[in-house]
Amino acid sequence: MAGSSFQIQVRHIQVASKKVADLLAETIGEAKSGVAQVQLLMKLAKKYSNCSSKNDDGNLGWVEMGWNPEDPRSPRGGFKKLENDELHDIICKALNKNEIHQGRIHGPVQTKHGYHVLIIANEFKTDRIL
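Residues numbered from 1 in each chain as written. Predicted model: local features only at pLDDT ≥ 70, side-chain atom pairs only at ≥ 80, totals over all residues. Heavy atoms only, no water.

Next up on the list: the overall build of the chain. The helix and strand tally for the chain stands at three helices and four strands. Starting at the N terminus and walking to the C terminus, you meet the elements of the chain as β-α-α-β-α-β-β. When the 130 residues of the chain are sorted by exposure, 44% land in the buried category. Look at the contacts in the chain between residues 6 or more apart in sequence, and 68% of them connect residues 24 or more apart. (Helix = DSSP H or I, 4+ residues; strand = E, 2+ residues; numbered from the N terminus. Buried < 20%, exposed > 50% of the residue type's maximum accessible area, 1.4 Å probe, protein only. Contact = heavy atoms within 4.5 Å.)

Following this line, the structure appears as structure tokens:
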């Protein structure tokens, strides 16, 4: 049986204040969509983010979407998730509602860690045989 999923690379800036997050989102949003917004977020993450990911330009890593973690046939016993479950759920819901897109700023969104300005830096589809 064949199946497919897609992977996304998520970058973010995490700050304590909604006002600062709004300003960052507005600043990044004024850049041309795509690479320009990703590069600006990376630069601003290094300078302003409270998350340790700032040392990697706000990179939270790659997330595999589309696999059921309870399905024993899923490769590697499930799909890759972000370490921050709350942020992972926010991104999944935004993807399901078609509210977040590659190369365009999303947020700010609030978690118990603060306010996050998000961007999907890269994405690709994977096909698997189960």
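So, on to the side chain of R11. Along the chain, the position of R11 falls in strand β1 (residues 2-15). With no salt bridge to any partner, buried R11 finds its closest opposite charge in D57, at an N-O distance of 4.7 Å. A distance of 3.1 Å separates a polar atom in the side chain of R11 from the backbone oxygen of D57. Among residues more than four places away in sequence, those in contact with R11 are V38, L41, M42, D56, D57, G58, N59, L60, V117, L118, I119 and A121. (Lys, Arg positive; Asp, Glu negative; His and termini not counted. Salt bridge = Lys/Arg side-chain N within 4 Å of Asp/Glu carboxyl O. Polar contact = N/O pair within 3.5 Å; in protein donor to acceptor, adjacent residues only side chain to side chain.)

Volume-wise, the largest pocket comes out at about 240 Å³. Surrounding the largest pocket, H12, Q14, N50, C51, S52, L60, L82, E83, N84, L87, H113 and H116 form its lining. Each residue belonging to the lining of the largest pocket can be placed in one class, and the counts come to four nonpolar, seven polar and one charged. (1 Å grid on protein atoms, 1.4 Å probe; cavity = no way out; pocket = protein on both sides within 12 Å on 5 of 7 lines; lining within 4 Å. Points joined across faces, edges and corners; volume = space filled by probe spheres on them. Nonpolar A, V, L, I, M, F, W, Y, C, P; charged D, E, K, R; others polar.)

Throughout the structure, instances matching the rule amount to two salt bridges. Of the charged contacts in the structure, one is a salt bridge between D22 and K18, with a shortest N-O distance of 3.1 Å. One end of the pair is D22 and the other is K18, both in helix α1 (residues 18-29) and four residues apart, which spans about a single turn. Exposure remark for D22: the relative accessible area of 31% places this residue in the partly exposed category. Residue classification places K18 among the partly exposed positions, given a relative accessible area of 40%. In this structure, D57 engages K46 in a salt bridge whose closest nitrogen and oxygen atoms are separated by 3.0 Å. In this pair, D57 sits in the loop between α2 (35-48) and β2 (59-65) while K46 sits in helix α2, placing the two residues eleven residues apart along the sequence.

Further remarks concern the nonpolar core. Core analysis: the largest hydrophobic core is formed by 15 residues, its most contacted members being I13, V15, L24, I28, L41 and V117. Those elements that place two or more of their residues in this core are β1, α1, α2 and β4 (114-129). It is α2 that contributes the most residues to this core, five residues altogether. If we skip the residues at most four places from it in the chain, V117 touches R11, H12, I13, A21, L24, A25, I28, L41, I105, H106 and P108. One finds V10, A94, V109 and L118 within the second-largest nonpolar core, a separate group that totals 14 residues. (Core = buried A, V, L, I, M, F, W, Y, C linked by side-chain atoms within 4.5 Å.)

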